[in-house]
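# Per-entry structural report
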Amino acid sequence: MADVSPMTDTSTDADTEDKNLRNALSQGLVASDGSDKSRDQKMLRRLAQNREAARKSRLKKKAYVQQLESSRMKLTQLEQELQRARQQGIFISNSGEQAQSMGGNGALAFDVEYARWLEEHNRRVNELRGAVNQHAGDGELRIIVDGILAHYDDIFRIKGDAAKADVFHILSGMWKTPAERCFLWLGGFRSSELLKLLLNQLEPLTEQQLMSINNLQQSSQQAEDALSQGMEALQQSLAETLAASLGPSTGNVANYMGQMAMAMGKLGTLEGFIRQADNLRQQTLQRMHSILTTRQSARALLAINDYFSRLRALSSLWLARPRE
Amino acid sequence: MDRVRDLASKRAAVIFTKSSCCMCHSIKALFYELGASPAVHELDQDAKGREMECALRALGCNPTVPAVFIGGRYVGSAKDVISLHVDGSLKQKLIDAKAIWF
């Protein structure tokens, strides 16, 4: 970078000097005859040099200001990028170290990831819908169906990571729309309800298939009930622990700390319940797929997507409803 | 390990738990729902609980509780049990081990 230092503004001095000289000449204060010619010439040269220096200084100043302006624009741009990155949950320290993901904004980061996953999921389902409507062959359908099921694995993995970072956010269902949240069970949907829905949509089924789907529906319901009971036991246990920390002995700090430590331990097991609930959802989807033919699986996935789309649409309608 | 194997062979369905473990409560509930009467051993109430826990960990059980044995054979932890239940093989294993009849 050129040594553009903020020089003192000599332009006005040179201009003034110029003006003074001209005034002096016109007033005859400075001799214009030969006797003082060399002195005048020296002065003229000096003034010319001053003018040149002043001009150079003005140019340097202009260049410096231009650089400042462009730096300012760049800074604003960087600030905006930083703001955007922070919103996406990327942690950036002030000393400019390397970015790490999922800092304090784990919940927000998950919401963004889920939105992205959902967009991709809908794209795949639309592709499936198109293929089914155009009477595509089993081979093509199988590729798309397998892709959708594998894509489901992605969100279960992402949810698992998010539950480690912020289990209460996953449990809250705030990352789903209001109507979906109404049916929330342990951080997601109930497989048993989905299967009930599908029994009507999947005809015709063979006797064997009907029995298998019924068994699957019953098994998933039993597993859901079992997990629910475990959660209730957890809540009860937590309540008892907190209640035990109350009591007449208000000065018993050690007791309080002990109970809080126990309560913390119990909260730590919540993540395990979400993991098993998601495991149940994943296994149920896979099992359903293995019982059905490719075409039936395709119809099942479309029906599931239609159902959840309606729930989401219902949420939008509800949120936009006119109020007194 | 011996104590684990010994206890596991005494009943058709055996579950190793801890009194504070709520996931254990879920797996027990599932077995009761299926009509099985599993033998339940709480590691934190057993004198040899620590060693038994190590033995279960060595078997690959993570987390160590609940640990399920059917017909004397190690079946797995909560995740394994739920997966087996979904594809119908849990019920079959219980029937084969005569823990339940249908």
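Residues numbered from 1 in each chain as written. Chains lettered and ligands numbered in written order. Predicted model: local features only at pLDDT ≥ 70, side-chain atom pairs only at ≥ 80, totals over all residues. Heavy atoms only, no water.

### Looking at the pattern of salt bridges
Residues and elements named next belong to chain B. Note the cut-off: Any Lys or Arg side-chain nitrogen located within 4 Å of an Asp or Glu carboxyl oxygen qualifies as a salt bridge. Numbering goes from the N terminus for both helices and strands, where a helix is a DSSP run of H or I of at least four residues and a strand is a run of E of at least two. Buried residues are those whose accessible area, probed at 1.4 Å on protein chains only, stays under 20% of the maximum for their type, while exposed residues exceed 50% and partly exposed ones sit between those limits.
Taken as a whole and assessed by the stated rule, the structure comprises 18 salt bridges over all chains. Between Arg3 and Asp46 there is a salt bridge; the shortest N-O distance is 2.7 Å. Here Arg3, found in helix 1 (residues 2-9), pairs with Asp46, found in the loop between strand 2 (39-42) and helix 3 (49-58); they are 43 residues apart in sequence, far enough to count as distant. Using a relative accessible area of 30% as the deciding quantity, one classes Arg3 as partly exposed. Notably, a salt bridge pairs Glu53 with Arg57, separated by 3.6 Å at the nearest N-O pair. Note that Glu53 and Arg57 are positioned in helix 3 at a spacing of 4 residues, about one turn of the helix. In this structure Glu53 comes out as buried when scored by relative accessible area, which is 16%.

### A short note on the interface of chain B and chain A
Here is the rule we go by: When checking whether two residues touch, look at their non-hydrogen atoms; a contact exists if any pair is within 4.5 Å. A quick way to say it: buried area is the sum, across both parts, of accessible area lost when two parts are put together, with a 1.4 Å probe. Counted as a polar contact is a pair of N or O atoms within 3.5 Å, where, for protein atoms, one must be capable of donating a hydrogen and the other of accepting one, and residues adjacent in sequence contribute only when both atoms are in side chains. Note on residue classes: Ala, Val, Leu, Ile, Met, Phe, Trp, Tyr, Cys and Pro are nonpolar, Asp, Glu, Lys and Arg are charged, and everything else, Gly too, is polar.
Counting residues at the interface gives 15 residues for chain B, matched by 18 residues for chain A. Of the roughly 1600 Å² buried at the junction of chain B and chain A (both faces included), carbon and sulfur atoms supply 67%. Sorting the residues of chain B by area buried against chain A places Cys22, Ile82 and Val86 of chain B first, and these three jointly supply 35% of that buried surface. Our count for the contact surface shared by chain B and chain A stands at 5 residue pairs in polar contact (both at pLDDT 80 or more). Counting residues per element, the side of chain B that touches chain A draws most heavily on helix 2 (residues 22-33) of chain B, which supplies 7 residues. Class assignment for the residues of the side of chain B that touches chain A results in 8 nonpolar, 4 polar and 3 charged.

### A word on the layout of surface pockets
Where we set the bar: Site definitions follow a grid-based scheme: protein atoms alone, a 1 Å grid, a 1.4 Å probe that fits but cannot get out for cavities, and for pockets an open set with protein on both sides within 12 Å along at least five of seven lines, plus lining residues having an atom within 4 Å of a point. Grid points are joined across faces, edges and corners, and a volume is the space filled by probe spheres set on the points.
The space that makes up the largest pocket amounts to roughly 400 Å³. Taken together, 22 residues form the lining of the largest pocket, with Thr269 and Gly272 of chain A together with Met23, Pro63 and Val65 of chain B sitting closest to its centre. Taken together, the elements giving at least two residues each to the lining of the largest pocket come down to helix 9 (253-268) and helix 10 (270-291) of chain A together with helix 2 and helix 4 (78-86) of chain B. Top contributing element to the lining of the largest pocket by residue count: helix 10 of chain A, with 5 residues. For the lining of the largest pocket, the class distribution of residues is 9 nonpolar, 9 polar and 4 charged.

### Details of the pairing of strand 1 (residues 13-17) of chain B
Residues and elements named next belong to chain B. Note the cut-off: Each pair of strands is called paired provided DSSP finds at least two bridges between the two strands. Crossovers are marked right-handed if the path from the first strand over the helix to the second runs clockwise, as seen with the strands pointing away from the viewer.
Most of strand 1 sits out of view: 5 of its 5 residues are buried. Residues Ala13, Ile15 and Thr17 of strand 1 are buried on one face, and the alternating residues Val14 and Phe16, pointing to the opposite face, are buried as well. Here strand 1 pairs with strand 3 (residues 67-70) via 4 bridges, running antiparallel. Of the residues in strand 3, the one forming a bridge with Ala13 is Ile70. Pairing geometry for strand 1 and strand 2, over 4 bridges, is parallel. Following the sheet pairing, Ile15 is matched in strand 2 by Val40. As a crossover connection, the stretch from strand 1 through helix 2 into strand 2 is right-handed.

### Describing the UniProt feature "domain: BZIP" (unreviewed entry) in chain A
Put simply, the test is: UniProt positions are given in the numbering used here, feature names are shortened, and annotations may be inferred rather than shown by experiment.
With numbering aligned to this structure, UniProt lists the feature "domain: BZIP" (unreviewed entry) at residues 40-84 of chain A. Along residues 40-84 of chain A one finds 100% helix and 0% strand; the C-alpha atoms at either end are 66 Å apart.

### Details of the nonpolar core
Counted only if it meets this: The term nonpolar core refers to a set of buried residues drawn from Ala, Val, Leu, Ile, Met, Phe, Trp, Tyr and Cys, joined through side-chain atoms within 4.5 Å.
Counting 95 residues, the largest nonpolar core has Leu128 and Tyr152 of chain A together with Phe16, Phe31, Leu90 and Leu94 of chain B as the members making the most contacts within it. Apart from residues no more than four positions distant in its own chain, Leu90 of chain B is found in contact with Leu30, Phe31, Leu34, Ile70, Val81, Leu84 and His85 of chain B.

### Here we look at the side chain of His289 of chain A
Residue and element names in this part refer to chain A. Checked against the element boundaries, His289 lands in helix 10. Side-chain polar atoms of His289 contact the side chain of Ser297, separated by 2.9 Å. With residues near it in sequence (within four places) discarded, His289 still touches Val145, Asp146, Leu149 and Ser297.

### What about empty space enclosed by the protein?
All names here are of chain A. Under the definition given, this model contains 2 cavities of 30 Å³ or more. In this model, the largest cavity occupies a volume close to 220 Å³. Considering the residues around the largest cavity, the lining is formed by 18 residues, among which Tyr114, Trp117, Tyr152, Lys176 and Phe189 are closest to the centre. Broken down by secondary-structure element, the contributors of at least two residues to the lining of the largest cavity are helix 3 (106-133), helix 4 (138-165) and helix 11 (294-319). A class-by-class count of the residues in the lining of the largest cavity yields 10 nonpolar, 3 polar and 5 charged.

### Observations concerning the packing of aromatic side chains
Rule in force here: Classification of ring pairs uses Phe, Tyr and Trp, with its six-membered ring standing for Trp, and accepts pairs whose centres are within 6.5 Å; under 30 degrees between planes counts as stacked, over 60 as edge-to-face, and the remaining range as tilted.
Applying the stated criterion to the full structure yields 9 aromatic pairs over all chains. Considering the side-chain rings of Tyr114 of chain A and Trp175 of chain A, the 4.8 Å spacing of their centres and the 80° angle between planes classify their relative orientation as edge-to-face. With Tyr114 of chain A in helix 3 and Trp175 of chain A in the loop between helix 5 (167-172) and helix 6 (178-182), the pair connects residues that are 61 residues apart, well separated along the chain. Note on Tyr114 of chain A: relative accessible area 9%, which makes it buried. Since its relative accessible area comes to 9%, Trp175 of chain A is described here as buried. Taken together, a centroid distance of 5.6 Å and an interplanar angle of 85° make the contact between Phe16 of chain B and Phe69 of chain B edge-to-face. Here Phe69 of chain B lies in strand 3 and Phe16 of chain B lies in strand 1, a separation of 53 residues in the sequence. For the pair Phe16 of chain B and Phe69 of chain B, one class covers both residues: buried.

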